[in-house]
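Each chain is listed here by its residues.
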Amino acid sequence: MRKMFLFAAAAMVSLSSCVQTNEVYTGKLNEMGFKSAVTRGIIQSNEDMIYPIAVTAILDNSEESTGNYVSYFENAKFVYDDATSLWKGEPARYWPTSGVMNFVALCPYPVTATIQTAYTANGKFDKLTFGTIDNNIKDQHDVLYSDILNVKAPQKAAQSLFFHHAYSQLNVTFQKTASAAKVVIKSVAVNDVNLSGILNVTPVEATLDSENNRIGGSTATWTVGLPIQRYFLDADATGIEDNALDVELAADSAFAPIPALVIPGLQTEIEIVYTIDGFEHTFIHDLSKDARGEAITPVPDWKMGHKYTYNYTINVNEIIFDCEVDEWKPVDGGSTTI
């Protein structure tokens, strides 16, 4: 997942007040910005990461950094700016001149869903809930949650926000064996999956080992709605009901519809409808069984942040007959002289 960088440099701001004087010095205020963080769609690579994000920040501004935090801002919207490649606040957000700050972020910034943040007794992050999220739409959106970013304020160097995928991604590919037969994929669906729910995040700061590999970090679970059937769509689909693929398969290249995002859970089944020379067939791949049709124990589950690819080859065997004709049986009709 792409790292998002927080750029900031705070103004030198001091204020002293007494009966006779008020002295204020204000330097240049530099805006907080996140480098690299959507247009709606699945984030396959770092370059796809351009969603607006919701950022929450807390601040410990005590002289001894006692670990008691207060809210600095909550669920602030940061949007991508093409000119600077930064995510800027709407409205702009600025660094304090001192203190320790913690940031957490969710992506994308919600339109109809809500974000609720719970804090511990000393003001630290405890839980975040993001929902209800309904992803049963034509162009599904990736949902991401970040680790805690813990930094001293102000910062001049780039700071990294690290995000995790909250969904599982399902991919399917199809081709046929070498044959002159016309094989057409009519539709493909994954059955009994959850697409809507509430994301429950436990924010945690990750650590780095000696090789700079991330250890730990935030975790998340889903509270799910009702299971449904989700079709794989093609680029020409006008909505989730427009599920006809109608793609003729080739033997030397594979066809892949748009991937589907599902809430992690027990693997279910993939239903494939196809035709061979116009005659329709339906194949249901039960993902809880192995290639021999025996149940897998325990039933495998889709995991958060994992991408699963199922490759299907339709074996087109031509109908060929090896004909045999019963031998003539000789019959003596007798001998006659005329």
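Residues numbered from 1 in each chain as written. Predicted model: local features only at pLDDT ≥ 70, side-chain atom pairs only at ≥ 80, totals over all residues. Heavy atoms only, no water.

Quick word on the environment of L233
(1) Moving on: Topologically, L233 is positioned in the loop between β20 (228-231) and β21 (247-248).
(2) Moving on: As for L233 and N243, which are separated by 10 residues in sequence, their C-alpha atoms are 5.7 Å apart.
(3) Moving on: Filtering out sequence-adjacent residues up to four positions away, L233 remains in contact with K138, G239, I240, D242, N243, L245, P257 and I258. (Helix = DSSP H or I, 4+ residues; strand = E, 2+ residues; numbered from the N terminus. Contact = heavy atoms within 4.5 Å.)

As for the sheet that holds strand β19 (residues 219-224)
(1) Moving on: Spatial ordering of the open sheet is given by β9-β10-β16-β19, a layout of 4 strands whose pairing is antiparallel. With partners counted over all chains shown, the strands left at the sheet margins are β9 (114-119) and β19, one partner each. Strand-to-strand, the axes of this sheet are offset by a mean angle of 20°, without reference to chain direction.
(2) Moving on: Looking at chain direction, β9 and strand β10 (residues 125-134) are connected through 6 bridges and run antiparallel. By the bridge assignment, T114 is partnered in β10 with G131. (Pairing = 2+ DSSP bridges. Axes fitted to C-alpha atoms, helices over the stretch in contact; angles between N-to-C directions.)

Side note on the pattern of salt bridges
(1) Moving on: The full count for this structure, using the stated rule, is 6 salt bridges.
(2) Moving on: The closest approach of N and O atoms between R214 and D147, which form a salt bridge, is 2.7 Å. With R214 in strand β18 (residues 214-215) and D147 in the loop between β11 (144-146) and β12 (149-152), this residue pair connects regions lying 67 residues apart in the sequence.
(3) Moving on: Salt-bridge contacts for D290 lead to R292; the nearest nitrogen and oxygen are separated by 3.5 Å.
(4) Moving on: Classification of D290 by relative accessible area gives partly exposed; the value is 27%.
(5) Moving on: You can call R292 exposed: its relative accessible area is 67%.
(6) Moving on: One salt-bridge network, held together by shared partners, links D290, R292 and E294. (Salt bridge = Lys/Arg side-chain N within 4 Å of Asp/Glu carboxyl O. Buried < 20%, exposed > 50% of the residue type's maximum accessible area, 1.4 Å probe, protein only.)

A look at the sheet that holds strand β14 (residues 168-176)
In a beta sheet, neighbouring strands pair by backbone hydrogen bonds and run either parallel or antiparallel.
(1) Moving on: Ordered by their spatial adjacency, 3 strands build an open sheet running β22-β14-β25, and the pairing between neighbours is mixed. This sheet does not close on itself; its edge strands, each paired only once, are β22 (260-262) and β25 (307-314). Averaged over all pairs of adjacent strands, the angle between strand axes in this sheet comes to 25°, irrespective of strand direction.

Some remarks on unusual backbone geometry
Among all residues except glycine, the phi angle is most often negative; among peptide bonds, the trans geometry is most common.
(1) Moving on: Going from E90 to P91, the amide bond is cis rather than trans, its omega being 0°.
(2) Moving on: In this structure, P91 sits in the loop between β7 (86-89) and β8 (100-107).
(3) Moving on: Cis rather than trans, the peptide bond between G131 and T132 has omega equal to 0°.
(4) Moving on: Counting through the fold element by element, T132 comes out in strand β10.
(5) Moving on: Positive phi, normally seen in glycine, also occurs at N75, with a value near 50°.
(6) Moving on: As for its placement among the helices and strands, N75 is situated in strand β6 (residues 70-81).
(7) Moving on: Here the phi dihedral of D192 falls at roughly 55°; this positive angle occurs in a residue that is not glycine.
(8) Moving on: Relative to the assigned elements, D192 resides in strand β15 (residues 183-193).

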